[in-house]
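# What the coordinates show
Chain residues, written in single-letter form:
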Amino acid sequence: YSSVPTIMGQGAGGLHLGYQSNTTGIRIDTNNNLGIGTTSPNALLSVSHATAPTFRLSRTGTGQIWQQSIDSSGRLLINEAASEGGTQWQRWYRNN
């Protein structure tokens, strides 16, 4: 593992930003799809994580957050908190 971040042009394969040339990081493919945590983004934005993929929005100045994730059972969860680090309240979930 390298402790120095790298920016690698992948030629016809797109652009990769990360700590290792052949693993996940941030990747922009030739279709301009952005991948975070994946080497093969298949949508405009693809976020992948082995245990808890999470997408988070926070509002500057107020600390309010909305967080979307997938739990270990494959359910889509949407949580909300009034402040950073505050109690997150589950607002919605979808069972597969």
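Relevant structure appears above.
Let me sum up the structure you'll find in this document. The residue count restarts for each chain, going from 1 along the sequence in the order it is written. Totals for whole chains, interfaces and linings use every residue, but because this is a predicted model, local features are given only for residues with pLDDT of at least 70 and side-chain atom pairs only at 80 or more, for both listing and counting. Excluding hydrogens and water, the side-chain figures rest on all heavy atoms present in the structure.

Criterion used throughout: strands pair if DSSP finds at least two bridges between them. Only runs of H or I of at least four residues qualify as helices and only runs of E of at least two qualify as strands under DSSP, and these elements are numbered from the N terminus. The four strands lie next to each other as β6-β7-β8-β9, forming an open sheet whose pairing is antiparallel. Each having just a single partner strand, β6 (54–58) and β9 (89–94) make up the two edges of the open sheet. The sheet shows a mean angle of 15 degrees between the axes of neighbouring strands, direction not considered. Pairing between β6 and strand β7 (residues 65–70): five bridges, direction antiparallel. All axes here are fitted lines through C-alpha atoms, helices being fitted over the stretch that makes contact, and every angle between N-to-C directions spans 0 to 180 degrees.

Topologically, Gln-67 is positioned in strand β7. Along the primary structure Gln-67 and Glu-80 are separated by 13 residues, whereas in three dimensions their C-alpha atoms are 6.3 Å apart. Polar contact criterion, stated in full: a pair of N or O atoms within 3.5 Å, where within protein one must be able to donate a hydrogen and the other to accept it, and residues adjacent in sequence count only if both atoms are side-chain atoms. A polar contact of 3.0 Å, which involves the side chain of Gln-67, links it to the side chain of Arg-56.

So, on to the pattern of salt bridges. The salt bridge criterion pairs a side-chain nitrogen of Lys or Arg with a carboxyl oxygen of Asp or Glu, the two atoms within 4 Å. Evaluated as defined, the whole model comprises three salt bridges. Among the ionic pairs, Glu-84 bridges to Arg-56, the shortest N-O distance being 2.7 Å. In this pair, Glu-84 sits in the loop between β8 (76–81) and β9 while Arg-56 sits in strand β6, placing the two residues 28 residues apart along the sequence. Put simply, Arg-91 and Glu-80 hold a salt bridge, and the shortest N to O gap is 2.7 Å. Of this pair, Arg-91 sits in strand β9 while Glu-80 sits in strand β8, placing them 11 residues apart in sequence.

Attention now goes to a nonpolar patch on the surface. Residues enter a patch when their relative accessible area is above 30% and they make no salt bridge; the linking distance is 9 Å between like charges and 5 Å between nonpolar side chains (Val, Leu, Ile, Met, Phe, Trp, Tyr). For accessible areas, the Shrake-Rupley method is used with a probe of radius 1.4 Å. Any residue's cover is judged against the shown protein chains and nothing else. Together, Ile-26, Ile-36, Leu-45, Val-47, Phe-55, Leu-57 and Trp-66 make up a nonpolar patch on the protein surface, roughly 610 Å² of accessible area in all. At the level of elements, β5 (45–47) and β6 are the ones that each hand at least two residues to the nonpolar patch. Assignment of secondary structure puts Ile-36 in strand β4 (residues 34–36). For Ile-36, a relative accessible area of 37% translates into the label partly exposed. Exposure is judged per residue with a 1.4 Å probe applied to protein chains only, and the accessible area is read against the type maximum: over 50% gives exposed, under 20% gives buried, and values in between give partly exposed.

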